[in-house]
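Here's the letter readout for the chains.
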Amino acid sequence: MKKNGTNSVDMRQLNQKLLLNILRQENISRAEAARRTGLSKAAIGIIVDDLIEEGILCETVTESISIGRKPVLLMIRPESRFAIGVSITRKKSEIGVMNIQGELIYNEEIEISKEGDAIEDIDRISERLKEIVEELGIEENKILGVGIAAPGPLNVDEGSLLEPLHMEKWFHVNMVKLMQSRVPWVCYLENTTVARAILEKNYGVAKKLNDFVVYKIEDVIGAGIIINNAIHRGVSGNGGEWGHVSIDFQGRRCECGRRGCLEKYASISAILEEFGQFGYTSWKDIVDDAYKGNEKALSVIQSEAMYLSAAIVNVANCLLPRAFILCGEINYRSQLLLALIQEQIDSTWMMRKIQKIAVMAGSVSEYANLKGAATIVIEHFFQEGEI
C-alpha cells in the first residue's frame, strides 16, 4: 500500500485505508497521523471525523506520567467490524468469529465426515454461521466476510479446492461460490499455511517484517511466503510446497514422484516412523524427554534440526528473507530445536557473513488455523475492501 497520502477528494478511500493501516500497528494522535501520512491536519481531521461517525474509530485518553494535558490517541474500535473464519483440515474443522483487532470472540468445532457429499457440509456450515452471528447480536453489515482456510492445492482466484491429499470428497469443490450462494457475505479461500503467514504478519511475530517465510510442520509440511510485504503465490497460485523440496535426490520415494522430499523426513509422522524403535507416539513426548536429558530423544531433535536447516538454507539462498517462522505441532517447547537449526544455518549458509537470518517460533498457537482463516478477510478489508 502507498505510504504517503493525497489531499484529493477522489482519493478519500485510499487515504482512509492509509490511516487505518497505520492504526493497525499502534494508536497515534491526529497530529502524528498527519505527519506519517503526509496529509494536512485539516485533511486528517475530515478523515478521522468520517471514520468516527462510521463507528470504525474512536479517540481514547491515555495515562501519561508527564504534567499537563493527557494525550488523545486514535484507535480502531474492536467491535466496529468482524470477520468469520472457517478452517477445514484433514483432522477437524472449525468455525468462529474474530473482531477487527484479531480477538477471537467465538469458536466451535463442526463435524465434517471424511466421506459423503461436500455440499451437505457446506449447507451445515453456512446455516450455523448465520445462527452464530444472530446469537452474538452482530449486525450483518458489520461482518466483513468469510475466510476459508483449507489445505492445497487450491485455485484461489476461482475459490476452488483442487485435489488436497486425503480429502477426496473436496476434490474440485468451488467452496467460495457455494458458500456465497448461502450466506450474505463475501467469501475468500486461502491455503491454510498462507493464512498462517497472514496471521503472523498482522498479529504475530512478523508484524514488523516485510520478507519472511512461515513453515507449518505437522503430518504434512507447507509454506507461506511473504516477499516485499505481499504473498508470493507463483504462477498457478500454489507456490510454497516446501514439503517437496528435496534434501536427498537419492532418498526416500515421495507420493509426488520425487525422492528425498523434506516431508518424508521432517514431518511429524515421518520423524515418528523413522525413530519408531524408541517407542515415541508424539512429538510432544520426544521434546519432553529431550529436556529431561534423554539422549535418544535429543538425537531425534538433532536429526529434525538437520533436515529442516538443509531445506531452510536451500530457500534462503533463493529468496533471502529476513526470517523463517515455524508453526504447527513442531512449535511445542521449540527453543532447543530453534537453537540447533540456527546453529546449522549460521555455519552452512553462504551469505552468513553478509546477512543474519532469524529462525523463530510463530507466536499464535491457540486456534491458529481458525484465526488465520478470519485474518484472510481482515487483510482484504485493509488492503482492498470498501469501508
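Figured I'd write up the structure that's included with this text. For clarity, every value in this text was computed on a predicted model and none was experimentally measured.

Conventions used here
- Sequence order as written defines the numbering, with residues in each chain counted from 1.
- Only residues with pLDDT of at least 70 get local features here, since the model is predicted, and only at 80 or more are side-chain atom pairs given and counted; chain-wide, interface and lining totals rely on the full set of residues.
- With hydrogens and water stripped out, all remaining heavy atoms of the structure feed into the side-chain values.
- A helix here means a DSSP run of H or I that spans at least four residues, while a strand means a run of E at least two residues long, and both kinds are numbered starting from the N terminus.
- Atoms counted for the radius of gyration: C-alpha only. Globule rule: 2.2 Å times the number of residues to the power 0.38.
- Partly exposed describes any residue whose relative accessible area lies between the buried limit of under 20% and the exposed limit of over 50%, with all areas from a 1.4 Å probe on protein chains only and scaled to the type maximum.
- Contact definition: two residues touch when any of their heavy atoms are within 4.5 Å.
- Between the N-to-C directions of two axes lies an angle of 0 to 180 degrees, each axis being a line fitted to C-alpha atoms and, for a helix, fitted only over the stretch in contact.
- Note that the term roughly parallel is reserved for angles under 35 degrees, roughly antiparallel for angles over 145, roughly perpendicular for angles of 65 to 115, and oblique for everything else.
- Each residue is assigned to one class: nonpolar for Ala, Val, Leu, Ile, Met, Phe, Trp, Tyr, Cys and Pro, charged for Asp, Glu, Lys and Arg, and polar for all the others, Gly among them.
- For Phe, Tyr and Trp, where Trp contributes only its six-membered ring, two rings pair if their centres lie within 6.5 Å, and the inter-plane angle classes them as stacked under 30 degrees, edge-to-face over 60, or tilted in between.
- In the sections that follow, a salt bridge refers to a side-chain nitrogen of Lys or Arg positioned within 4 Å of a carboxyl oxygen of Asp or Glu.
- Polar contact criterion, stated in full: a pair of N or O atoms within 3.5 Å, where within protein one must be able to donate a hydrogen and the other to accept it, and residues adjacent in sequence count only if both atoms are side-chain atoms.
- Should the near helix be turned counterclockwise from the far one by less than a right angle, the crossing is left-handed, whereas a clockwise turn marks it as right-handed.
- Only buried residues count toward a nonpolar core, which is a set of Ala, Val, Leu, Ile, Met, Phe, Trp, Tyr and Cys residues joined through side-chain atoms within 4.5 Å.

1. Here we look at the overall build of the protein chain
Phase 1 of the analysis: If you tally the helices and strands in the protein chain, you get 12 helices and 14 strands.
Phase 2 of the analysis: Whereas a compact globule of 387 residues would reach a radius of gyration of roughly 21 Å, the protein chain reaches 23 Å, a difference of no more than 12%.
Phase 3 of the analysis: With the principal axes as the frame, the protein chain shows a C-alpha extent of 70 × 55 × 40 Å.
Phase 4 of the analysis: Taking all 387 residues of the protein chain together, 49% fall into the buried category.
Phase 5 of the analysis: Taking all contacts inside the protein chain whose residues are at least 6 apart in sequence as the whole, residues at least 24 apart take part in 61%.

2. Structural notes on the environment of Val194
Phase 1 of the analysis: For Val194, the position within the fold is in helix 6 (residues 192–203).
Phase 2 of the analysis: With sequence-adjacent residues up to four places away left out, Val194 is seen in contact with Ala223, Gly224, Ile231 and Arg233.

3. Section: the packing of helix 6 against helix 12 (residues 368–383)
Phase 1 of the analysis: Between helix 6 and helix 12, the least distance of the axes is 8 Å, while the angle of their chain directions is 70°. Relative to helix 12, the element helix 6 is oriented roughly perpendicular. Where helix 6 abuts helix 12, its residues Thr192, Ala195, Arg196, Ile198, Leu199, Lys201, Asn202 and Tyr203 lie against Ala368, Asn369, Lys371, Gly372, Ala373, Thr375, Ile376, Ile378 and Glu379.
Phase 2 of the analysis: Across the contact of helix 6 with helix 12, the residue classes break down as 8 nonpolar, 5 polar and 4 charged.

4. A word on the packing of aromatic side chains
Phase 1 of the analysis: Tallying each qualifying case throughout the model produces 5 aromatic pairs.
Phase 2 of the analysis: Each ring, one from Tyr215 and one from Phe324, has its centre 5.5 Å from the other, and the planes form 25°; the classification is stacked. Note that Tyr215 is positioned in strand 10 (residues 212–217) and Phe324 in strand 13 (residues 323–327), a separation of 109 residues in sequence.
Phase 3 of the analysis: Seen from their ring centres, Phe381 and Phe382 are 5.3 Å apart, and the 70° between their planes marks the pair as edge-to-face. As far as burial versus exposure is concerned, Phe381 and Phe382 are alike and both buried.
Phase 4 of the analysis: What links up through ring pairs into an aromatic cluster is the set Tyr215, Trp242 and Phe324.

5. Here we look at the pattern of salt bridges
Phase 1 of the analysis: Tallied over the entire structure, the rule returns 26 salt bridges.
Phase 2 of the analysis: Among the ionic pairs, Glu26 bridges to Arg36, the shortest N-O distance being 2.9 Å. Pair noted here: Glu26 is in the loop between helix 1 (12–25) and helix 2 (30–37) and Arg36 is in helix 2, with a separation of 10 residues, a long-range link.
Phase 3 of the analysis: Note that Arg36 and Glu32 form a salt bridge whose closest N and O atoms lie 2.8 Å from each other. Placement of the pair is Arg36 and Glu32 together in helix 2, with a separation of 4 residues, close to one helical turn.
Phase 4 of the analysis: One connected set of salt bridges, linked through shared partners, spans Glu26, Glu32, Arg35 and Arg36.

6. A short note on the side chain of Ser160
Phase 1 of the analysis: By the element assignment, Ser160 lies in strand 8 (residues 160–161).
Phase 2 of the analysis: The class of Ser160 is buried, set by a relative accessible area of 8%.
Phase 3 of the analysis: A polar contact of 3.4 Å, which involves the side chain of Ser160, links it to the side chain of Asn174.
Phase 4 of the analysis: Beyond its immediate sequence surroundings of up to four residues, Ser160 is in contact with Leu154, Asn155, Val173, Asn174, Met175 and Leu189.

7. Quick notes on the packing of helix 10 (residues 295–319) against helix 11 (residues 335–348)
Phase 1 of the analysis: Where helix 10 meets helix 11, the axes come as close as 8 Å, and the angle between the chain directions of the two elements is 45°. Looking at the two axes, helix 10 sits oblique to helix 11. Here helix 10 runs over helix 11; the crossing is right-handed. Contacts between helix 10 and helix 11 involve Leu298, Ile301, Gln302, Glu304, Ala305, Met306, Leu308, Ser309, Ile312 and Val313 on the former and, on the latter, Leu336, Leu337, Leu340, Ile341, Gln344, Ile345 and Thr348.

8. Topic: the nonpolar core
Phase 1 of the analysis: The biggest cluster of nonpolar side chains holds 41 residues, and the ones touching the most others in it are Tyr215, Trp242, Trp283, Ile286, Leu308, Leu326 and Ile341.
Phase 2 of the analysis: Those elements that place two or more of their residues in this core are strand 10, strand 11 (221–227), helix 7 (263–266), helix 8 (268–274), helix 9 (283–291), helix 10, strand 13 and helix 11.
Phase 3 of the analysis: Once residues within four sequence positions are removed from consideration, Leu308 is found in contact with Ile217, Trp242, Leu262, Ala266, Leu326, Leu337 and Ile341.
Phase 4 of the analysis: Among the nonpolar cores identified, the runner-up in size contains 31 residues, and Val86, Ile138, Ile143 and Val183 belong to it.

9. Considering the side chain of Lys169
Phase 1 of the analysis: Note on placement: Lys169 falls in the loop between strand 8 and helix 5 (175–180).
Phase 2 of the analysis: Of note is the side chain of Lys169, whose polar atom sits 2.4 Å from the side chain of Asp121.
Phase 3 of the analysis: In contact with Lys169, other than residues within four places in its own chain, are Ile112, Ser113, Lys114, Glu115, Gly116, Asp117, Ala118 and Asp121.

The analysis is restricted to geometry; functional conclusions fall outside its scope.
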